[in-house]
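Architecture at a glance
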Amino acid sequence: QVQLAESGGGLVEAGGSLRLSCVRSGRMVNIVAWGWYRQAPGKQRDLVATIDISRSTNYADSVEGRFTISRDIRGTTVYLQMNDLKPEDTAVYYCMMRSNWPAHDYWGQGIPVTVSS
């Protein structure tokens, strides 16, 4: 079993910052990509940011320049630094880790982020 546990969410005023963390535990797997997704009420789950084994990153247009994804050297923890938060960033944020052996996407339970105006 592989478990992902997110932390760092909560309530923040517009313009503020939060840092999300996601820690992997359980059996050893070969992770090749890490990502953060979010789902606002009544909407689909959307990609926020990804980082791959070479540390190349990709961001949704809506967060480019405000959010930064990173990971630790062992690849067991992925972070999302969120700056200049806006009310439209309010959502449940999910971390994802992709393994290529075995081939599988692992997901966290999600953590709420609420940005007040």
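You'll find the structure just up there.
In what follows, the accompanying structure is described.

Procedures and definitions
- Residues numbered from 1 in each chain as written.
- Predicted model: local features only at pLDDT ≥ 70, side-chain atom pairs only at ≥ 80, totals over all residues.
- Heavy atoms only, no water.
- Disulfide = S-S within 2.5 Å.
- Helix = DSSP H or I, 4+ residues; strand = E, 2+ residues; numbered from the N terminus.
- Buried < 20%, exposed > 50% of the residue type's maximum accessible area, 1.4 Å probe, protein only.
- Pairing = 2+ DSSP bridges.
- Axes fitted to C-alpha atoms, helices over the stretch in contact; angles between N-to-C directions.
- Core = buried A, V, L, I, M, F, W, Y, C linked by side-chain atoms within 4.5 Å.
- Contact = heavy atoms within 4.5 Å.
- Salt bridge = Lys/Arg side-chain N within 4 Å of Asp/Glu carboxyl O.

Let's shift gears to the state of the cysteines. Across all of its chains, the model carries one disulfide by this definition. Across the disulfide, Cys22 is cross-linked to Cys95 (sulfur-sulfur distance 1.9 Å). On the criterion of sequence distance, the pair formed by Cys22 in strand E3 (residues 18–26) and Cys95 in strand E9 (residues 91–101) is long-range, its members being 73 residues apart. Residue class for Cys95 comes out buried when judged on its relative accessible area of 0%.

To continue, consider the sheet that holds strand E7 (residues 67–71). Sheet strands pair via backbone hydrogen bonds, and the direction of the pair is either parallel or antiparallel. Here we have four strands laid out as an open sheet, ordered E1-E3-E8-E7, and antiparallel in their pairing. What marks the edges here is a single partner per strand, and that holds for strand E1 (2–7) and E7. Strand-to-strand twist of the sheet, defined as the mean angle between neighbouring strand axes without regard to direction, takes the value 15°. Both E1 and E3 contribute to a ladder of six bridges, which runs antiparallel. Counterpart to Ala5 in the pairing with E3 is Val23.

The next thing to look at is the nonpolar core. The tendency in soluble globular proteins is for nonpolar side chains to be buried as a group. Of all hydrophobic cores here, the largest spans 30 residues; its most connected members are Trp36, Val78, Leu80, Met82 and Tyr93. Among the secondary structure elements, those contributing two or more residues to this core are E1, E3, strand E4 (30–39), strand E5 (45–52), E7, strand E8 (77–82), E9 and strand E11 (111–116). Top element by residues in this core is E9. It accounts for four residues. The contacts of Met82, once residues within four sequence positions are left out, are Gly16, Ser17, Leu18, Leu20, Arg66, Phe67, Tyr93 and Val113.

Turning next to the pattern of salt bridges. A side chain of one charge can pair with a side chain of the opposite charge if their charged atoms are brought near each other. According to the stated counting rule, one finds four salt bridges in the structure shown. Between Arg66 and Asp89 there is a salt bridge, and its shortest N-O distance comes to 2.7 Å. Here the residue Arg66 occupies a position in the loop between strand E6 (57–59) and E7, and Asp89 occupies one in the loop between E8 and E9, the gap between them amounting to 23 residues. Residues Asp84 and Lys86 are paired through a salt bridge, measuring 3.6 Å at the closest nitrogen-oxygen approach. Exposure remark for Asp84: the relative accessible area of 38% places this residue in the partly exposed category. Beyond isolated ion pairs, a larger network of salt bridges with shared partners links Arg38, Arg66 and Asp89.

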